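# Observations on the model geometry
The chain contents come next:
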Amino acid sequence: MIVGAGLAGCLLAWRFQQAGQRFLLIGSSAMPSAFGAAAGVINPVTGRWMTKTWNFDQLLPEAVKTYRAIEQKFDIQVYHPIPEIRFCQNAEDLKRIGKRMRNPRYQDVLSHMAATGEAAPEFNDDFGTLHINQAAYVDLPLVVHTLRASFATLGRFRDETFLHSELKPGTTGWQYRNLHADKVIFCEGAAMKDNPWFKNLPLKPAKGETLLCHSPTLRLPQKLYHHKKWFLPYPDGNFRIGATYDESDLSDAPTQAKKDELLTAAQEALKKPHQVDVSAHLAGIRPSTIDSRPIIGAHPNNLGLYLVNGLGSKGASTAPTMTQQLTNYILKKSPIEDEVNLTRFY
């Protein structure tokens, strides 16, 4: 039994299906979700210090393999490689980039530097730009909704709210209402706070908001632009602006203050004023952790209970590997890497 039908839960169910295992996925489509608000960006270089994304060289191949397999199975397109341009904000950025360009670890993800004004004439560009390879975005809602629909036709998905109070240990395994399961795997994201077995794990939730926009005057080439906030243009002419970060407001409702923050940042990044119309304002809670690493594994004291969580803002890149690793642990007894094993908190 898999509890939580977001990205991690759906990919885990996909893993078990591919392995020929029986499963039941339970989760409510009416509940707030991180995948619905996320742009699904896979960014090789992140943060103010422009560091290579944790474990990127291992995570990306598994992500590509997984999303391409889903595309082939359902005749859809979800994985979109895209060139990335990062605008230097000051002289310190230039120094950091120089160091990164000389570091062999970064050679596969850093392309080149472009002089001021060369890369994207639509944007203010006072210090030049860094061009990044292997970036992509994943259509997470399409992944999740496609897998849910497929599982539902097989009777393997129940679109309902899971009630923890009704899950009881049995003589063997676990009993939930009229269902018996040898194993129960929780993939609940920020909702883990209500889970009586795992709620004490140090999740660090943070709210993020993004805007889906269109403009009659702004047409951006198909590149991911990082200018304090990021711009992600889509083939239909719409574009996404994101994202905010807030650890204090953990409601699932979008806020006017963050909408204003994103629109202001967008206008400040652009060289000329543009009319930007917002067609959707989305908010979600990222399930981050205190050490910025995923949490997967078996409960140390309750046999048959497992967890996948803590994917944070990098679920598009980390979920394929984490779900594969837990699947291998359960079915093949393969070890879980210490860095992500939930036992590090016990």
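Residues numbered from 1 in each chain as written. Predicted model: local features only at pLDDT ≥ 70, side-chain atom pairs only at ≥ 80, totals over all residues. Heavy atoms only, no water.

Tallying secondary structure elements over the protein chain gives six helices and 22 strands in all. Its C-alpha radius of gyration of 21 Å places the protein chain within 12% of the 20 Å reference for a compact globule of 346 residues. By principal-axis analysis of the C-alpha atoms, the protein chain measures approximately 70 × 40 × 40 Å. By residue count, 51% of the 346 residues in the protein chain fall in the buried class. (Helix = DSSP H or I, 4+ residues; strand = E, 2+ residues; numbered from the N terminus. Rg over C-alpha atoms; globule rule 2.2 N^0.38 Å. Buried < 20%, exposed > 50% of the residue type's maximum accessible area, 1.4 Å probe, protein only.)

What follows deals with the pattern of salt bridges. Enumeration according to the criterion identifies 16 salt bridges in this entry. Lysine 95 is the partner of glutamate 92 in a salt bridge, and the nearest nitrogen-oxygen pair spans 3.5 Å. Of this pair, glutamate 92 and lysine 95 both sit in helix 3 (residues 91-102), separated by three residues, roughly a single helical turn. When its relative accessible area of 41% is taken as the criterion, glutamate 92 is described as partly exposed. Three or more residues are tied together by salt bridges with common partners; here these are Lys52, Asp57 and Asp108. (Salt bridge = Lys/Arg side-chain N within 4 Å of Asp/Glu carboxyl O.)

Okay, the nonpolar core next. The biggest cluster of nonpolar side chains holds 54 residues, and the ones touching the most others in it are Tyr67 and Val143. Among the secondary structure elements, those contributing two or more residues to this core are helix 1 (7-18), helix 2 (56-74), strand 9 (129-132), strand 10 (136-138), helix 4 (140-153), strand 21 (295-298), strand 22 (305-309) and helix 6 (315-332). Per-element tally for this core: the top contributor is helix 1, with eight residues. Those residues in contact with tyrosine 67 that lie beyond four places of it in its chain are Leu7, Leu11, Val78, Tyr79, Val138, Leu140, Val143, Gly315, Ala316 and Pro320. Core analysis: the second largest hydrophobic core is formed by 21 residues, Met1, Phe186, Met192 and Trp197 among them. (Core = buried A, V, L, I, M, F, W, Y, C linked by side-chain atoms within 4.5 Å. Contact = heavy atoms within 4.5 Å.)

We now examine the sheet that holds strand 22. Here six strands make up an open sheet; going across it, the order is 11-2-1-15-22-21 and the pairing mixed. Each edge of the open sheet carries a strand with a single partner, namely strand 11 (157-159) and strand 21. Sheet topology note: the strand 1 (residues 2-3)/strand 15 (residues 184-186) ladder contains two bridges and is parallel. Pairing of valine 3 across the sheet is with phenylalanine 186, part of strand 15. Its contacts with the sheet put helix 6 on strand 15, strand 21 and strand 22, and the angle it makes with strand 22 is roughly 165°. (Pairing = 2+ DSSP bridges. Axes fitted to C-alpha atoms, helices over the stretch in contact; angles between N-to-C directions.)

Further remarks concern the side chain of histidine 299. Residue placement: histidine 299 occurs in the loop between strand 21 and strand 22. From its side chain, histidine 299 meets the backbone nitrogen of asparagine 302 in a polar contact 3.1 Å long. Sequence-distant contacts of histidine 299, defined by excluding residues within four places in its chain, comprise Trp197, Phe198, Leu305 and Tyr346. (Polar contact = N/O pair within 3.5 Å; in protein donor to acceptor, adjacent residues only side chain to side chain.)

Each aromatic ring pair is specified by the distance between its two centres and by the angle formed by the two planes. For the structure shown, the criterion picks out 14 aromatic pairs. Look at tyrosine 67 and tyrosine 79: their rings are 6.4 Å apart centre to centre, the planes differ by 15°, and that puts the pair in the stacked class. On the criterion of sequence distance, the pair formed by tyrosine 67 in helix 2 and tyrosine 79 in strand 6 (residues 79-81) is long-range, its members being twelve residues apart. In this structure tyrosine 67 comes out as buried when scored by relative accessible area, which is 0%. When the centroid spacing of 5.9 Å and the interplanar angle of 65° are considered together, the rings of phenylalanine 186 and phenylalanine 198 count as edge-to-face. Here phenylalanine 186 is found in strand 15, whereas its partner phenylalanine 198 is found in the loop between strand 15 and strand 16 (203-214), with twelve residues between them in sequence. Its relative accessible area of 0% is what places phenylalanine 186 among the buried residues. Phenylalanine 198 sits in the buried class, given a relative accessible area of 1%. (Phe/Tyr/Trp six-rings, centres within 6.5 Å; stacked < 30°, edge-to-face > 60°.)

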